[in-house]
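Overview (structure and organization)
The primary structure of each chain is shown beneath.
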Amino acid sequence: MSTQPFDLVIRADRAVVDGAERPASVGVRRGRVAEIGPRDADWSAAAEVVLADDEVLIPGMVDTHVHVNEPGRTEWEGFASATRAALRGGTTTIVDMPLNSLPPTTTVDALEIKQKAADGQCFVDVGFWGGAVPGNVEDLLPLHDAGVFGFKCFLIDSGVPEFPPLSPKQLREHMRRTALIGALMIVHAESAAEIDAAPTVPGPRYADFVASRPDASEVSAIKVVIDTMRETGSRAHILHLSSAEALPLIRDAKREGLPLTVETCPHYLSFTAEAIRDGSTAHKCCPPIRSSENQTRLWKALADGTIDCVVSDHSPSTADLKTDDFQTAWGGVASVQVALAAVWTGARERGHGLADVVRWMSERSAQVAGLQHKGGIRVGADADLVAFAPDEVTHVTAAGLEHKNPVTAYDELDLTGVARRVWLRGNEISTERADGRFLERGEA
Ligand SMILES: [Zn+2]
């Protein structure tokens, strides 16, 4: 029995702790999980919450792939709307991508400009990735020291002119530096040669769009990343894996002992090329959503750990940029709010438990980014907690979501699983007050 009262105790018949579901009480002190005990532990606390019979206590999701776009393209998305959406969906930490905002986060000055823009508008905790672009090798260490979680680069056109891709030679230079400073390089892995060689047919047909971004482009870029890891000794992470054709390469690299991690996204697990309606550019993203057979292989790779984590790649724009031409429409799926429910909906259909989803979307994503005090209900971690109703179904409408522009691939879908109450560092949070704070790499 504890001698000191807790600030908060949450009791649940079902809680995801240590990779499994069990009855538990979670005692919180000064924003951290101080103790985990039996459901009816004889503890005293300033406040006590007992979850309802149909709720499970899970850690908040850690979404390390969010494009907030502020400042500079704030009409696409902003910190207030993106983090409100995250909160409503059961995500308590986001890490913001360095591009689509202006300036892109490729220097410390740009990071400071972004943090100034975000200040006071974050409803969940927010970390930042830095950017690796041609010519900014010397900016990596200062950005690392300023607390970014690693560096994002592209091996192909990024979609915005101010964030150019790295050539294989430039990738090598940048990864020599990330190896030296111990930083993680995160890579948009599609290569241009295969895409340039593929047929480009403009228009609304989804099949034409998929054909224009072949599997081989992902495979070839991932091969470049793996070869460069071997050469430089740097850690690397593959962003938004779509093509299952790259899985053997990834398995081999991991077996070899290379420090490679891989994410996929809810849309690759939720939609299939066969079912996407022509003209539905809400589903456009790069790399593209592929066949149902491909999707089955992604789910298997998640289950066996070849894919480490699932994060949203929430990348919205204004509605007018989602024209019905797949070649010119903005590429990105707005999904930070629905990510957990979408993955849970698909996971339970395939026989996975909530503990699996927690591993993919909270524990492993936090580990990949190096967020040591996030990503699980464990003693010493931030008390970022969600009362999740795993059987409650919601009908999603784009206009009903919190993100700024009412466009999403999940419009008019029924998803299972609702985040009913959310606690951030031990305080229950709402979309009324911005209680989030900035996170820095290396905080324990
Ligand atoms: Zn992205």
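Just so you know, these numbers come straight off a predicted model, no measurement behind them.

Before going further, it helps to spend a moment on the UniProt feature "domain: Amidohydrolase-related" (unreviewed entry) in the chain. Within this numbering scheme, the UniProt entry marks residues 56–409 as carrying the feature "domain: Amidohydrolase-related" (unreviewed entry). Helix makes up 36% of residues 56–409 and strand makes up 15%, while its end C-alpha atoms are separated by 27 Å.

Let's shift gears to the domain arrangement of the chain. Structurally, the chain comprises domain 1 (8–51) and domain 2 (60–370 + 393–412). Here the C-alpha centre of domain 2 lies 34 Å away from the C-alpha centre of domain 1.

Reading across the sheet, the 6 strands line up as 9-10-11-12-13-14 and stay open at both edges, with parallel pairing between neighbours. One side of each edge strand has no neighbouring strand; the edge strands of this open sheet are strand 9 (130–131) and strand 14 (309–310). The sheet contact formed by strand 11 (residues 184–188) and strand 12 (residues 235–238) spans 4 bridges and is parallel. In the sheet register, Val 187 faces strand 12, and the bridge partner there is Ile 238. Sheet strands touched by helix 7 (residues 215–232): strand 11, strand 12 and strand 13 (260–264). Its angle to strand 12, the strand with the most contacts, is close to 165°.

The subject of this paragraph is helix 11 (residues 339–349). Counting buried positions over the 11 residues of helix 11 gives 9, a clear majority of the element. Taken together, the buried positions of helix 11 are occupied by Ala 339, Leu 340, Ala 341, Ala 342, Val 343, Trp 344, Thr 345, Gly 346 and Ala 347. Just downstream of helix 11 lies Gly 351, where phi reads positive at about 85°.

What counts, and at which threshold
Residues numbered from 1 in each chain as written. Predicted model: local features only at pLDDT ≥ 70, side-chain atom pairs only at ≥ 80, totals over all residues. Heavy atoms only, no water. UniProt positions renumbered as here; feature names shortened; annotations may be inferred. Helix = DSSP H or I, 4+ residues; strand = E, 2+ residues; numbered from the N terminus. Domains from an automatic or database assignment. Pairing = 2+ DSSP bridges. Contact = heavy atoms within 4.5 Å. Axes fitted to C-alpha atoms, helices over the stretch in contact; angles between N-to-C directions. Buried < 20%, exposed > 50% of the residue type's maximum accessible area, 1.4 Å probe, protein only.

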